[in-house]
Amino acid sequence: MTKSTILTLVGSLRAGSTNQQLAEAIQANAPEQVDVVIHESLGNIPFYNEDIDVEGQVPAAAAALRAAANEADTILLVTPEYNGTVPAPLKNAIDWLSRPFGAGALAGKPTAVVGTAFGQFGGVWAQDEARKAAGIAGAQVIEDAKLAVPGSMVRFAEIHPKDDAEVVEQIKGVFDALAAAAPAA
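Residues numbered from 1 in each chain as written. Predicted model: local features only at pLDDT ≥ 70, side-chain atom pairs only at ≥ 80, totals over all residues. Heavy atoms only, no water.

Per an unreviewed UniProt entry, the chain goes by NAD(P)H-dependent FMN reductase and derives from Pseudarthrobacter equi.

Laid out in structure tokens, this is it:
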């Protein structure tokens, strides 16, 4: 059986980010036939600007992101919530992946959004905004693959998400939704 690849983009650049930890928990709990790759350089990608998105001149970090997305079978966006919406690094990644319009790396790509936030709703507003942006960018948004963990700063102060049984169970649900949305081979 061929392994499928899930490219995971984490919206938080902060060291010790609970969303980075959530991505690691997802990676640690992936089914055997799934390779979860966490993209590490969102902070190195310049803000999208059509003037620098020119063939042969695309910044290396943006080109690497596009290549990784093109090679992946699925995209997983892991987002905190900043002022009720998606953080700039993740939105910027979506912008780079949306181009060229209609033929970008997100076009038709199965994409799911999960995350954790300090607030009582676990960042659902940011997740909704990320789903909206990815959908407009042409992604096939998988609405059934959802995970929003509230109270992240307290909940994960002394435990990593990979060691939180409830979170691990919810991660399994995300993988089940991704598998259900996958086209038959």
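On we go.
1. Considerations on the environment of A148
Under the convention used in this document: Each helix is a run of H or I in the DSSP string that is no shorter than four residues. Each strand is a run of E no shorter than two, and both are numbered from the N terminus. Two residues qualify as a contact provided that any one of their heavy atoms is within 4.5 Å of a heavy atom in the partner residue.
Examined against the element boundaries, A148 turns out to sit in strand β6 (residues 148–149). Here the alpha-carbon distance between A148 and G123, two residues 25 residues apart in the chain, equals 6.3 Å. Excluding residues that lie within four positions of it along the chain, A148 makes contacts with G115, F121, G122, V124 and Q127.

2. Section: the pattern of salt bridges
For clarity, the cut-off: One side-chain nitrogen of Lys or Arg within 4 Å of one carboxyl oxygen of Asp or Glu is enough to make a salt bridge.
Counted by the stated rule, this structure contains 6 salt bridges. Of the charged contacts in the structure, one is a salt bridge between D53 and R66, with a shortest N-O distance of 2.8 Å. In this pair, D53 sits in the loop between β2 (34–39) and α2 (60–71) while R66 sits in helix α2, placing the two residues 13 residues apart along the sequence. Among the ionic pairs, R155 bridges to E166, the shortest N-O distance being 2.9 Å. A residue pair is termed long-range when its members are at least 10 positions apart, and R155 in helix α5 (residues 152–155) and E166 in helix α6 (residues 165–181) qualify at 11 residues. Members of the salt-bridge network, linked through shared partners, are R155, D164 and E166.

3. Overview of the UniProt feature "domain: NADPH-dependent FMN reductase-like" (unreviewed entry) in the chain
Condition: UniProt positions are given in the numbering used here, feature names are shortened, and annotations may be inferred rather than shown by experiment.
With numbering matched to this structure, UniProt assigns "domain: NADPH-dependent FMN reductase-like" (unreviewed entry) to residues 5–150. Secondary structure within residues 5–150 divides into 32% helix and 19% strand; the distance between the first and last C-alpha atoms comes to 27 Å.

4. Comments concerning the packing of α2 against helix α3 (residues 88–97)
To be explicit about the condition: Axis geometry follows a simple rule: fit a line to the C-alpha atoms, using only the stretch in contact for helices, then measure angles between N-to-C directions, giving values from 0 to 180 degrees. Oblique is the label for every angle not falling under 35 degrees (roughly parallel), over 145 degrees (roughly antiparallel), or within 65 to 115 degrees (roughly perpendicular). By the convention adopted, Pro, Cys, Tyr, Trp, Phe, Met, Ile, Leu, Val and Ala count as nonpolar, Lys, Arg, Asp and Glu as charged, and the other residues, Gly among them, as polar.
Closest axis-to-axis distance for the α2/α3 pair is 10 Å, and the angle between their directions is 70°. As far as their axial angle goes, α3 and α2 are roughly perpendicular. Listed contacts from α3 to A62, L65, R66 and A69 of α2 are A93, W96 and L97. Broken down by class, the residue content of the contact of α2 with α3 amounts to 6 nonpolar, no polar and 1 charged.

5. A word on the pairing of strand β1 (residues 4–10)
Short version of the rule: Relative accessible area decides the class of each residue, using a 1.4 Å probe on protein chains only: under 20% of the type maximum gives buried, over 50% gives exposed, and in between gives partly exposed. Paired strands, in this sense, are two strands between which DSSP finds at least two bridges. Place the viewer so that the strands point away; then a crossover is right-handed whenever the path from the first strand over the helix to the second strand goes clockwise.
Of all 7 residues in β1, 5 are buried; the element is thus mostly enclosed. Where β1 and β2 come together, 6 bridges link them in parallel fashion. Considered in β2, the bridge of L9 is made with H39. In this fold, the crossover linking β1 to β2 by way of helix α1 (residues 18–28) has right-handed handedness. Where β1 meets strand β3 (residues 74–78), 5 bridges bridge the pair, whose relative direction is parallel. Bridge pairing in β3 links L9 to L77.

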